[in-house]
Amino acid sequence: MKRIGFGVTCGAHRLWSHRTYEATLPLRIFLMILNTASLQNDIYEWSRDHRVHHKFSDTDADPHNSTRGFFFAHMGWLFCKKHPHVLDKGKTVALDDIAADPVVAFQRQFYKPLTMIFTFYIPTYIICYYFGEDYYSAFYLSCFRYCFSLHSTWLVNSAAHLYGVKPYDTRINPRESKLVQILTVGEGYHNYHHVFPFDYSASEVSWTQDLNLSTMFIDLCAKLGLAYNLKKVDPKLIQSRVERTGDVTLNQIYLENRSGSFKWTSVLSLIYLLLIIPVGVVLVRKVFF
Ligand SMILES: [Zn+2]
Ligand SMILES: [Zn+2]
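Keep in mind the model is a prediction, meaning the values are calculated, not measured. (Residues numbered from 1 in each chain as written. Chains lettered and ligands numbered in written order. Predicted model: local features only at pLDDT ≥ 70, side-chain atom pairs only at ≥ 80, totals over all residues. Heavy atoms only, no water.)

A closer look at the coordination of the zinc ion (ligand 2)
Link 1 in the chain: For the zinc ion (ligand 2), every protein donor is listed as H13 (NE2), H18 (NE2), H50 (NE2), H54 (NE2) and H193 (NE2), and the spread of their distances is 2.0 to 2.2 Å.
Link 2 in the chain: Read N to C, the donor residues that coordinate the zinc ion (ligand 2) are spaced as H-x4-H-x31-H-x3-H-x138-H. Residue H13 is found in helix α1 (residues 6-17), and its partner H50 is found in helix α3 (residues 43-55); the two are separated by 37 residues along the sequence. (Donors = N, O, S within 2.8 Å, 3.2 Å for Na, K, Ca; no water. Helix = DSSP H or I, 4+ residues; strand = E, 2+ residues; numbered from the N terminus.)

In structure tokens:
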């Protein structure tokens with residue numbers, strides 16, 4: 001079920017918000033369905049907020065400005081009226097390319113009924129059918145899955161802006177967070193991502209060196225001819241940027257740790273992916289029944 005997260009990471013984030021690669025129509029439809037199941041606002045709205053976040057990061061014009069504290073950046077911003085600067089400056093962000101995609105337009109037009117089907121009905125049905133759970137257990141588990149994925153995504157805006165190292169640019173708030181990397185299936189290297197938002201892998205190293213499930217998915221799609229024009233940053237550009245704005249010593253230690261022989265983040269990512277469903281089933285049964 002966690003693979004539904006690809007609809008946000010590979011879809012709304014890396015494909016629609018940042019255009020880090022291009023996708024064929026079947027892949028865009030598939031990602032739109034997964035994205036709908038994640039119920040984190042439709043692709044147009046999510047991408048609009050995210051582009052504003054990148055352009056005006058950690059200012060009053062940032063929808064989830066982390067300088068206003070962990071809770072505001074995590075989920076508080078969704079309970080407040082938007083700061084006037086978010087509305088004003090948000091109008092300066094171009095969204096024509098997203099609005100022009102018929103897959104995005106379809107999702108936006110039928111968003112509410114689609115979320116009922118893909119966020120709750122189908123997950124509940126799958127759990128009932130494949131795991132033999134009764135209807136109520138399955139429904140509670142689908143709600144648990146939804147809440148868990150929401151908080152995982154929100155941690156990018158909160159934890160990954162407040163806790164962690166800054167090897168690429170010490171002047172900005174976004175940081176590298178291994179915990180967020182695991183929970184978001186590949187979006188935790190946030191200092192790198194804010195410096196190079198056009199990199200399709202959202203990470204300096206490849207997923208074979210440090211498992212990044214979202215990048216692995218995009219590479220698989222590229223092999224199948226469903227994704228193309230994958231953008232990657234030239235290592236020389238990364239090096240010169242680290243020398244100019246980052247921390248050279250920290251970056252060396254950081255990269256050595258990430259490409260060491262035992263990649264605990266990779267192992268934990270795999271375990272997390274494989275165990276999330278049965279663990280969730282057990283939790284629901286223990287807690288509610
Ligand atoms: Zn950010
Ligand atoms: Zn981004």
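Still more ground to cover, so stick around.
Some remarks on the coordination of the zinc ion (ligand 1)
Link 1 in the chain: Here the zinc ion (ligand 1) is held by H53 (NE2), H161 (NE2), H190 (NE2) and H194 (NE2), and the distances to it run 2.1 to 2.2 Å.
Link 2 in the chain: With four donor atoms in place around the zinc ion (ligand 1) and angles of 95 to 154° between them, the coordination shape is irregular.
Link 3 in the chain: Counting the intervening residues between successive donors of the zinc ion (ligand 1) yields the motif H-x107-H-x28-H-x3-H. With H53 in helix α3 and H194 in helix α12 (residues 190-195), the pair connects residues that are 141 residues apart, well separated along the chain.
Link 4 in the chain: Classification of H194 as buried rests on a relative accessible area of 13%. (Tetrahedral: all angles 85-135°; square planar, octahedral: opposite > 155°, others 65-115°. Buried < 20%, exposed > 50% of the residue type's maximum accessible area, 1.4 Å probe, protein only.)

Let's talk about the UniProt feature "transmembrane region" (unreviewed entry) in the protein
Link 1 in the chain: In the numbering adopted here, UniProt assigns the feature "transmembrane region" (unreviewed entry) to residues 114-132 and 264-284.
Link 2 in the chain: Taken end to end, residues 114-132 has its terminal C-alpha atoms 25 Å apart, with 95% of it in helix and 0% in strand. (UniProt positions renumbered as here; feature names shortened; annotations may be inferred.)

A word on the side chain of H64
Link 1 in the chain: Tracing the chain through its elements places H64 in the loop between α3 and α4 (70-74).
Link 2 in the chain: Residue contacts for H64: discarding those within four places in its chain leaves H53, F72, A73, W77 and N157. (Contact = heavy atoms within 4.5 Å.)

Remarks on the layout of surface pockets
Gaps between atoms show up when a probe of the same size as a water molecule is rolled over them.
Link 1 in the chain: What the largest pocket holds in volume is close to 460 Å³.
Link 2 in the chain: Residue lining of the largest pocket: 27 residues in total, with V8, Q40, W46, T153 and N157 positioned closest to the centre.
Link 3 in the chain: For the lining of the largest pocket, the secondary structure elements donating two or more residues are α1, α3 and α9 (135-157).
Link 4 in the chain: A total of seven residues in the lining of the largest pocket trace back to one element, the largest contributor, which is α9.
Link 5 in the chain: Residue composition of the lining of the largest pocket, by class: eleven nonpolar, 13 polar and three charged. (1 Å grid on protein atoms, 1.4 Å probe; cavity = no way out; pocket = protein on both sides within 12 Å on 5 of 7 lines; lining within 4 Å. Points joined across faces, edges and corners; volume = space filled by probe spheres on them. Nonpolar A, V, L, I, M, F, W, Y, C, P; charged D, E, K, R; others polar.)

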